[in-house]
Amino acid sequence: REVFWGAWQSGKDMAARWTMWDAMFAMFRSREEDSLLASILQLVVQYVINLTIGLAGAMFYFAYSAYQLIVAYGEPAMSGLAFFLLVMVSGMALVGTYLMAITGTVAGGGFLLLQQASKQALENERNGGRPPPRRMQNQGYHRSHYE
């Protein structure tokens, strides 16, 4: 168990380091037309990609460690194979579930942002390009601030 969680943490740490380097190099290659939101979204997607690669590497490390553990205990071939398969299936299930949850969260957030952007574009089109009127509060009447 300790070997798995150690490999898990090293995979996440590796993804965080790679993402930090990606962010640093993104500052050097950023274009003026890129918005802050686009840069943040790009960084989030890059983190998910780095996390996938890091946890896949952690699974390979864990597989090797599980093999070393089986050899060190001197288990019979069938018992060792059964243990190895059980450990690998459970490890891959956990990593797969985690990555699906992270990817689903990012995809859902991206979909929500696109949906809100399309609603905003439709609202701007209805108003002729003007921003929606803002209402003044704490007065007996309400009038738009640009009237």
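One structure accompanies this document, and this report is about it.

Once that is clear, we can look at the overall build of the chain. Looking only at helices and strands, the chain features three helices and zero strands. The buried share of the chain, taken over its 147 residues, is 17%. For the chain, contacts bridging at least 24 residues in sequence account for 69% of all contacts bridging at least 6. Counting every atom, the chain has about 11100 Å² of accessible surface; 66% of that belongs to carbon and sulfur.

Another aspect to go through is the side chain of T19. Mapping T19 onto the fold places it in helix 1 (residues 2-29). Side-chain polar atoms of T19 contact the backbone oxygen of A15, separated by 2.7 Å. At 3.1 Å, the side chain of T19 forms a polar contact with the side chain of N50.

Here the focus is the packing of aromatic side chains. Counted under the stated rule, the structure contains two aromatic pairs. For the pair W5 and W8, a centre-to-centre distance of 5.7 Å together with 70 degrees between the ring planes defines the contact as edge-to-face. Of this pair, W5 and W8 both sit in helix 1, three residues apart, which is roughly one turn of the helix. Accessibility expressed as a relative area gives 44% for W5, which makes it partly exposed. Summarising the aromatic geometry, the rings of W8 and Y98 are spaced 4.8 Å apart at their centres and angled 65 degrees between planes, so their arrangement reads as edge-to-face. Here the residue W8 occupies a position in helix 1, and Y98 occupies one in helix 3 (residues 77-126), the gap between them amounting to 90 residues. Put simply, the rings of W5, W8 and Y98 touch in pairs and so form one group of aromatic residues.

Basis of the calculations
Residues numbered from 1 in each chain as written. Predicted model: local features only at pLDDT ≥ 70, side-chain atom pairs only at ≥ 80, totals over all residues. Heavy atoms only, no water. Helix = DSSP H or I, 4+ residues; strand = E, 2+ residues; numbered from the N terminus. Buried < 20%, exposed > 50% of the residue type's maximum accessible area, 1.4 Å probe, protein only. Contact = heavy atoms within 4.5 Å. Areas by Shrake-Rupley, 256 points an atom, 1.4 Å probe, with all protein chains shown as cover. Polar contact = N/O pair within 3.5 Å; in protein donor to acceptor, adjacent residues only side chain to side chain. Phe/Tyr/Trp six-rings, centres within 6.5 Å; stacked < 30°, edge-to-face > 60°.

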